[in-house]
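# Fold and geometry: a report
Chain residues, written in single-letter form:
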Amino acid sequence: MASKPGILTDWPWKSLGSFKYVILAPWVVHSIYTLIIKDGKERDPVYVLFFPFLLWRTLHNQIWISLARYRTAKGNNRIVDKSIEFEQVDRESNWDDQILLNGILFYVVYMILPGVAHMPLWRTDGVLLTILLHMGPVEFLYYWLHRALHHHYLYSRYHSHHHSSIVTEPITSVIHPFAEHLAYFLLFLIPLLAGFFMRKSSMAALFGYISYIDFMNNMGHCNFELIPKMLFSIFPPLKYLMYTPSYHSLHHTQFRTNYSLFMPIYDYIYGTMDRSSDALYEKSLIRPEELPHVVHLTHLVTPQSIYHLRLGFASLASKPYTYKWYVWAMWPVTCCSIMLTWTYGRTFILERNQFNKVNVQTWVVPKFKIQGDEFNSYGELYIHNNPKLKIKVVDGSSLAVAVVLNSIPKGTTQVLFRGNLSKVAYFIASALCQMDIQVATSRKDEYEQLNTRLKNVECEIWVVGDGLTKEEQMKASTGTLFIPFSQFPPKRLRKDCLYHTTPAMMPPKSFQNIDSCENWLPRRAMSASRVAGVIHALEGWNVHECGNTMFNVEKIWEASLQHGFRPLTVPT
């Protein structure tokens, strides 16, 4: 939101929320009517192609989002080092509004203008006309419109909303107030209207021009440099005709330079080209990939969870993982991702963070579910097979135990233990017994494994893992607190009970670049296994923690608190 929002700031359909797409219904009905009712000669293919083209624009933008987030996580060619936070993700979550607006306006203009129907697929003179009008009037008028938007009156009421994002992502390019988008629409309509009135329009000019705008907008707002220097060496005048991500990035960091749309020539003409543009371009091109001090390995939890990765849908990734009904409608994409996972199957970088000069990266193992004990045993086997290993493998089990123990309310005398038993479960049970807290179980096999006294008691504290059934939850007394020790949380079936998160902690505010949720955890919360790796690196502990090895629980808990990590509050 702008600092002093002006008139027509909000989108007309803002109140509709996720149902905003219903505004397309009349035009979709008209398109279907044209396709079904009219015969081949009367049927205009442009009406039929309009809405598939909107889907293409959405996919085009999403590809750029995923690519940009992957590249900035790797670090090579990155331009700006500042972090992206949840506030920016929320502000840019309505990036598809401009696609809806442009789709409706172009459709209406096409319907009401006389003589434009049944345009050909290609006309060379029309394409050349569109190119020339963009290079001339559009770029020129945009330059001066942009400079006007930086006047304090218009800037505070409109354009400051766009400049709230210092570190840009591809979708930052279309984050503007509604009134500003209307001005841009009229501006970009100039080449198309000229083609319509001069009877030189074509589908290639119409759809190609809009795709060109999308491409250049997305490319120019990436936070990594991708334009090779060779292009400018082969054709030196290109530097006046095409901007680069680093060129436009300076506009977002300096504010008063590099105003041009896509062609820097007008900045050169009017003396607003930032003098550091070439130096930043050269510096970004040679910037190497970052080497991490800590690597956190994670994996997909369901086939649909690909959309919740920060490389997927940014708005979904910024919220705790939940099932969304509309994700099921994307089953063709989901099936393709499953096949790609099976065939490609390579670990990839998902996220980067920095804390106290420690570089942290999250890598995704492309498997949908990996049992904790399985992963744990593989780590021990890997260490055994590589005795000269220079890195340390930490599963974070000691911190997970510490988090669970400190989540149990003070004064508790009895807890019920339920779920598939694991390394973490055994150590929790042992620690509880040492604290003179009675550990009750509901199954004989669990009793024998834990080797504790089985008691038939009604406990208000349940320490649970995978395998907790619906029937068992329904037997819990009202007000029971479920504290999971597993990686996966139990299903919240009881409204009269309380559910704690899986073992996790809240990092200090100085922990940079957290813009997505870690699975089902709340915003900024980090799993105990992830935090443990960071603490081991900060403390310089030269030990492994995997297999049957457990680090000192009290020591890692105290270290995490000293570094500013805090336990999540017990739900109320």
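This is a predicted model, so every value here is computed, not measured.

### Here we look at helix H15 (residues 331-343)
- Taking 1.5 Å of rise per residue, the 13 residues of H15 would be expected to cover 18 Å, and the 18 Å separating its terminal C-alpha atoms lies within 8% of that figure.
- Phi turns positive one or two residues past the end of H15, at glycine 345, with a value near 60 degrees.

### Observations concerning the pairing of strand E2 (residues 348-355)
- With six of eight residues buried, E2 is to be regarded as a mostly interior element.
- In this sheet, strand E3 (residues 358-365) lies alongside E2 in antiparallel orientation, the contact comprising seven bridges. In the strand pairing of E3, glutamate 351 is matched with threonine 362.
- Between E2 and E3, which follow one another and run antiparallel, lie two residues, and asparagine 356 among them has a positive phi close to 50 degrees.

### Some thoughts on the sheet that holds strand E7 (residues 481-484)
- Read across the open sheet, the five strands follow the order E5-E4-E6-E7-E8; overall the sheet is parallel. Of all strands in the sheet, those bounded by a partner on one side alone are strand E5 (438-441) and strand E8 (498-499).
- Here strand E6 (residues 461-464) pairs with E7 via four bridges, running parallel. Its bridge partner lying in E7, isoleucine 461 is registered against leucine 481.

### Let's talk about the confidence of the model for the protein chain
- Across the protein chain, pLDDT averages 91, with 95% of residues at or above 70.
- For the stretch residues 452-457, pLDDT sits under 50, and the model shows 13 contacts to residues farther than four places along the chain or on other chains.

### Some words on helix H2 (residues 45-74)
- Between its first and last C-alpha, H2 extends 43 Å over 30 residues, near the 44 Å set by a 1.5 Å rise per residue.
- Of all the bends in H2, the greatest reaches close to 30 degrees and is centred on phenylalanine 51; the proline proline 52 follows between one and four positions later.
- Glycine 75 lies just past H2 and shows a positive phi near 100 degrees.

### Focus on the UniProt feature "domain: Fatty acid hydroxylase" (unreviewed entry) in the protein chain
- The UniProt record annotates "domain: Fatty acid hydroxylase" (unreviewed entry) at residues 133-272.
- Span residues 133-272 is 62% helix and 0% strand, its end C-alpha atoms 23 Å apart.

### Some thoughts on the packing of aromatic side chains
- Tallied over the full model, the rule gives 31 aromatic pairs.
- A ring pair is formed by phenylalanine 51 and tyrosine 107, whose centres lie 5.4 Å apart and whose planes are at 40 degrees; its orientation type is tilted. Here the residue phenylalanine 51 occupies a position in helix H2, and tyrosine 107 occupies one in helix H4 (residues 97-112), the gap between them amounting to 56 residues.
- A network of ring pairs unites the aromatic residues Trp27, Tyr47, Phe50, Phe51, Phe53, Tyr107, Tyr110 and Phe207 as a single cluster.
- The side chain of arginine 157 reaches across the aromatic face of tyrosine 153, ending 3.8 Å from its centre.
- The ring centre of tyrosine 240 lies 5.9 Å from the NZ or CZ of lysine 239, which sits over that ring.

Rules used throughout
- Per chain, residue numbering runs from 1 following the sequence as it is written.
- The predicted origin of the model limits local features to residues at a pLDDT of at least 70 and limits the giving and counting of side-chain atom pairs to 80 or more, whereas totals for whole chains, interfaces and linings rest on all residues.
- Each side-chain value is derived from all of the structure's non-hydrogen atoms; neither hydrogens nor water enter the calculation.
- Under the DSSP-based scheme used, a helix requires at least four consecutive residues in state H or I and a strand at least two consecutive residues in state E, with every element numbered from the N terminus.
- In this scheme, a helix's expected span is set at 1.5 Å multiplied by one less than its residue total.
- To sort residues, take the accessible area from a 1.4 Å probe on protein chains only and compare it with the maximum for the residue type: under 20% means buried, over 50% means exposed, and anything in between is partly exposed.
- At least two DSSP bridges between two strands are required for those strands to pair.
- Confidence of the predictor at the level of single residues is given by pLDDT, which spans 0 to 100.
- Residues are treated as being in contact if the distance between any of their heavy atoms lies within 4.5 Å.
- One axis fitted to the seven residues ending at a residue, another fitted to the seven starting there: the angle between these axes is the bend at that residue.
- UniProt positions are given in the numbering used here, feature names are shortened, and annotations may be inferred rather than shown by experiment.
- What counts as a ring pair is set by centres within 6.5 Å for rings of Phe, Tyr and Trp (its six-membered ring), and what kind of pair is set by the plane angle: stacked under 30 degrees, edge-to-face over 60, tilted for all other angles.
- Criterion for a charge above a ring: Arg CZ or Lys NZ at most 6 Å from the ring centre, at most 35 degrees from the ring normal.

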